[in-house]
Amino acid sequence: SPTFEAACRDEWKRRVHHLIQRYFVDVTGFFKLLGSVEGLVSGSVALAVLLWGSDKDNFLTSSSDIDIYVPNECARDAIVVYLVRAEGYSIDNRATVPGDYGYAPLSQSIVALNRLIRTRENTSRRVDIIVGAQSAATLPLTSFWSSLVMNYISETSIVSLYPNLTLQGRFFTTPHASEERLAGPLAKYTRRGFVHEDFVHTPRCAEPTTYCPGCFRVTEDHKSLR
């Protein structure tokens, strides 16, 4: 039904606008710029859009930040200039990378991090702008700590790389992260009702700390929700 498809599209746009407007006054202008530099929004904000209206909804707090991923430093600079001039943010020079991210695969997929902060009416908002390695904004997503947060919003799309698990509130964790690195995120999301499950390896796997070789994935493939 073309009418129902249009209604669904409008609902997705409404969800995105409602959650993003807490960070940016001009949501449309922000996404227009984001599309022009081939960037995307990921992290808890993208997860919140996907789980809107479910029993896992309403986990964003006033202190929740927004993560923007871009393919190069030129894209990063364009967004920084826009947020400072048009949205009233200021640069936080205390942000560092790659140590903030805790384990090698993710650190190796990130070139740089810039953090911006804005405080209005006793409410602070934080924006992290992350430059992906190999000129790919999507590269860091595949090294995230969990399948639960492998989702993103672009100018034109909302994408979940593991939709069946994510929409059911279930998730796997990466084999590369230590128990110490996972302790904080695991506790945060299990408190919210999400369920951590063990990945069932096939006999082809050399050891349980490796990725399964039986399934080669790419972003926005037929197993993704777009």
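Residues numbered from 1 in each chain as written. Predicted model: local features only at pLDDT ≥ 70, side-chain atom pairs only at ≥ 80, totals over all residues. Heavy atoms only, no water.

## Focus: the packing of helix H1 (residues 2-20) against helix H2 (residues 27-36)
Line of reasoning, step 1. One way to put it is that H1 packs onto H2 with a least axis distance of 10 Å and a crossing angle of 105°. Judged on the interaxial angle alone, H2 and H1 are roughly perpendicular. Residues Val16, His17 and Ile20 of H1 form the contact with H2, whose participating residues are Val27, Phe30 and Phe31.
Line of reasoning, step 2. Grouping the amino acids of the contact of H1 with H2 by side-chain chemistry returns five nonpolar, one polar and no charged. (Axes fitted to C-alpha atoms, helices over the stretch in contact; angles between N-to-C directions. Helix = DSSP H or I, 4+ residues; strand = E, 2+ residues; numbered from the N terminus. Parallel < 35°, antiparallel > 145°, perpendicular 65-115°, else oblique. Contact = heavy atoms within 4.5 Å. Nonpolar A, V, L, I, M, F, W, Y, C, P; charged D, E, K, R; others polar.)

## What to know about the side chain of serine 146
Line of reasoning, step 1. By the secondary structure assignment, serine 146 is in the loop between strand S5 (123-132) and strand S6 (151-153).
Line of reasoning, step 2. Here the side chain of serine 146 touches phenylalanine 172 through a polar contact of 3.0 Å, landing on its backbone oxygen. (Polar contact = N/O pair within 3.5 Å; in protein donor to acceptor, adjacent residues only side chain to side chain.)

## Notes on the nonpolar core
Where a protein is soluble and globular, its nonpolar side chains tend to be buried together.
Line of reasoning, step 1. Phe24 and Ile68 are the most contacted members of the largest nonpolar core, which totals 59 residues.
Line of reasoning, step 2. Of the residues forming this core, the biggest block, six residues, is contributed by helix H3 (residues 44-50).
Line of reasoning, step 3. Once you skip the residues sitting within four places of it in the chain, phenylalanine 24 turns out to touch Phe30, Ile66, Ile68, Leu83, Glu87, Tyr89, Arg118 and Val127. (Core = buried A, V, L, I, M, F, W, Y, C linked by side-chain atoms within 4.5 Å. Buried < 20%, exposed > 50% of the residue type's maximum accessible area, 1.4 Å probe, protein only.)

## Digging into the sheet that holds S6
Line of reasoning, step 1. Taking strand neighbours across the sheet as the criterion, the seven strands line up as S3-S4-S5-S2-S1-S6-S7 in an open arrangement whose pairing is mixed. Each end of this open sheet is capped by a strand with a single partner; those strands are strand S3 (90-92) and strand S7 (158-160). Averaged over all pairs of adjacent strands, the angle between their axes in this sheet comes to 30°, without regard to strand direction. (Pairing = 2+ DSSP bridges.)

## Concerning the packing of aromatic side chains
Line of reasoning, step 1. Per the stated rule, a full pass over the model turns up nine aromatic pairs.
Line of reasoning, step 2. Judged by centre distance (5.6 Å) and plane angle (35°), the rings of tryptophan 145 and tyrosine 189 are tilted. One end of the pair, tryptophan 145, is in the loop between S5 and S6; the other, tyrosine 189, is in helix H7 (residues 179-191), and 44 residues separate them in sequence. Each member of the pair, tryptophan 145 as well as tyrosine 189, carries the same accessibility label: buried.
Line of reasoning, step 3. Between arginine 125 and the ring centre of tyrosine 23, over which it is positioned, the NZ or CZ distance is 5.5 Å.
Line of reasoning, step 4. The aromatic ring of tyrosine 189 is capped on one face by arginine 192, whose charged end is 4.8 Å from the ring centroid. (Phe/Tyr/Trp six-rings, centres within 6.5 Å; stacked < 30°, edge-to-face > 60°. Lys NZ or Arg CZ within 6 Å of the ring centre and 35° of its normal.)

## What about the pairing of strand S4 (residues 110-120)?
Line of reasoning, step 1. As judged from the three bridges shared by S3 and S4, these two strands associate in the antiparallel manner. Opposite serine 90, over in S4, you have isoleucine 117 as the bridge partner.
Line of reasoning, step 2. By the bridge criterion, ten bridges tie S4 to S5 in an arrangement that is antiparallel. Within S5, the residue paired with asparagine 114 across the bridge is isoleucine 129.
Line of reasoning, step 3. Where S4 folds back on S5, the antiparallel hairpin that results is connected by two residues, among which glutamate 121 adopts a positive phi of roughly 50°.

## Overview of helix H4 (residues 73-87)
Line of reasoning, step 1. Compared with an ideal rise of 1.5 Å per residue, which puts 15 residues at 21 Å, H4 spans 20 Å between its outermost C-alpha atoms and is within 8% of the ideal.
Line of reasoning, step 2. Of all the positions in H4, only Ala75, Arg76, Ile79, Val80, Tyr82, Leu83 and Glu87 are classed as buried. Along the axis of H4, the buried residues cluster in a sector spanning 165°; they form a single face. Exposed and oriented more than 90 degrees from the buried face of H4 are Cys74 and Arg85.
Line of reasoning, step 3. Looking at the buried residues of H4, the elements they touch are H2, strand S2 (66-70), S3, S4 and S5. (Expected span 1.5 Å × (residues − 1). Arc of directions from axis to C-beta.)

## Points about the pattern of salt bridges
Line of reasoning, step 1. Going through the model one piece at a time under the given rule, you end up with twelve salt bridges.
Line of reasoning, step 2. Ionic pairing is found between arginine 76 and aspartate 77, a salt bridge with its closest N-O pair at 2.7 Å.
Line of reasoning, step 3. Salt bridges here are not isolated pairs; linked through shared partners, they connect Asp65, Arg115, Arg126 and Asp128. (Salt bridge = Lys/Arg side-chain N within 4 Å of Asp/Glu carboxyl O.)

## Quick word on the environment of proline 140
Line of reasoning, step 1. Within the secondary structure, proline 140 is located in the loop between S5 and S6.
Line of reasoning, step 2. On the basis of relative accessibility, which here comes to 0%, the residue proline 140 falls in the buried class.
Line of reasoning, step 3. Remark: the alpha-carbon pair of proline 140 and serine 109, spanning 31 residues in sequence, is separated by 5.2 Å.
Line of reasoning, step 4. Setting aside residues no more than four positions away along its own chain, proline 140 makes contact with Tyr69, Leu106, Ser109, Ile110 and Gly132.

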